[in-house]
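Each chain is listed here by its residues.
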Amino acid sequence: MMKKSTLDTGVRKVKNVDSFHFGAGSLDQLPGYVETRRTIAGEQGKNDSVVFVIDQFFQGRDEILARLGTKAGDRIEFVSTALEPTTDGIDRLVSALIAEGFQEPAAIVGMGGGITMDTAKAVSNLLTNGGNAAQYQGWDLVKVPGIYKIAVPTVSGTGSEATRTCVMINESTGLKLGMNSDHTVFDQLVLDPELTSTVPRNQFFYSGMDAYIHSIESLTGSYRNPVGDAYSRETIQLCRDVFLADDMMSPKSREKMMVASYLGGCAIATSYVGLVHPFSAGLSVVLGLHHCVANCIVLQAMEEFYPTAWAEFSAMARLQKISIPTGVCAGLDRAGFEALYRASVMHEKPLTNALGDDCMAILSFERVSRIFQKM
Ligand code: ZN
């Protein structure tokens, strides 16, 4: 009975984003949303400047940047996606914003993929809650609402636009975990499938599979939420439509993928992931592999636990001519596998969701190492 509490962290109580605007060309709605927040801040006698956190990919792409509703006095931060967010990196950005007078901007806009959106969410929470990012890694530790936050996803799959978390790597503890909180949820989304047309094909596949994998893990877990299950089933169906289609990046497919990402995020906000994400976190922490490609590498080695999803995933990758990296753990010594083991098995909740209370007995060091060796 005692173990039951492992999965009892309040995810039955669900907070969704307040509002979203969906459809090709939706980006042109963003200036209106931003202006509304400036007006509200102005009426309260506050600074009406806005912080834009934007994927570095868009730096210099003036045809896009000109459509965001920026004004003189705003702060634009281009985020490198070379590395996933770290608690130290988030703290540095927050300190810089405060030093430059952006303690309480009228809004924060996060435009990009999971890394950029998670950065925007973490900064928003920290500006109002104070302290360091690492203090809030966990469940329901954020005390007060963050700065009003708007997401403009430009890569689909992670579901960051819908979830109540923002994942960060704490390099000193090896913990990859987010601020799981209702306050982390975006206030407004602008979902414009035109923005995903420039995503490289490999990245489009890896990121899209994150939505598929979230849903597979939720549906095979022991902690079930009927609403989450419905989101998950539809997410999987949309992913099939996209990745079993001839052209996964047609306008229609990209539109479906954007919906799948959002619904997959809603699904995971009401449930837990399973085995893939903890192992994937191990690859990110120890080898620096990005979340979405790491998930694909892990699923490719997880036939024994997810035979049906493994077969379908393999067929999708073949059809789309996407190669999943192999041999990523080749050359690791015992200390390397021990580090992978530690960084994976620390994720007690998803592992319990997948394998029950005996998860640690099932996941011996030898068995976990064998799985990593297959990657
Ligand atoms: Zn994920």
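Residues numbered from 1 in each chain as written. Predicted model: local features only at pLDDT ≥ 70, side-chain atom pairs only at ≥ 80, totals over all residues. Heavy atoms only, no water.

*Asks:* Got a sec to walk through the sheet that holds strand β7 (residues 167-170)? Specific residues and values, please.
*Replies:* One open sheet accounts for three strands, arranged β5-β8-β7; its pairing is mixed. Looking along the sheet, the strands with just one partner apiece sit at the ends: β5 (138-139) and β7. Pairing analysis gives two bridges linking β5 to strand β8 (residues 175-180), with the strands arranged parallel. Looking across to β8, one finds that Trp139 is bridged to Asn180. (Pairing = 2+ DSSP bridges. Helix = DSSP H or I, 4+ residues; strand = E, 2+ residues; numbered from the N terminus.)

*Asks:* Can you explain the packing of aromatic side chains? Please cite residues and give values.
*Replies:* All chains considered together, the criterion is met by eight aromatic pairs. Judged by centre distance (5.2 Å) and plane angle (75°), the rings of Phe205 and Phe243 are edge-to-face. One end of the pair, Phe205, is in helix α5 (residues 201-219); the other, Phe243, is in helix α6 (residues 226-243), with 38 residues separating them in the sequence. Grouped by ring-pair contacts, the aromatic residues Phe204, Phe205, Phe243 and Phe313 constitute a single cluster. (Phe/Tyr/Trp six-rings, centres within 6.5 Å; stacked < 30°, edge-to-face > 60°.)

*Asks:* Requested: an account of the pattern of salt bridges, with residues and values cited.
*Replies:* Counted under the stated rule, the structure contains 18 salt bridges. Across the pair Glu35 and Lys71 runs a salt bridge whose closest N-O atoms are separated by 3.1 Å. A residue pair is termed long-range when its members are at least 10 positions apart, and Glu35 in helix α1 (residues 30-43) and Lys71 in the loop between α2 (62-65) and β3 (75-79) qualify at 36 residues. The exposure class assigned to Lys71 is partly exposed, which follows from its relative accessible area of 44%. Arg240 is the partner of Glu312 in a salt bridge, and the nearest nitrogen-oxygen pair spans 2.7 Å. Here Arg240 lies in helix α6 and Glu312 lies in helix α10 (residues 307-319), a separation of 72 residues in the sequence. Salt bridges linked by common partners bring Glu35, Arg38, Lys71 and Asp74 together as one network. (Salt bridge = Lys/Arg side-chain N within 4 Å of Asp/Glu carboxyl O. Buried < 20%, exposed > 50% of the residue type's maximum accessible area, 1.4 Å probe, protein only.)

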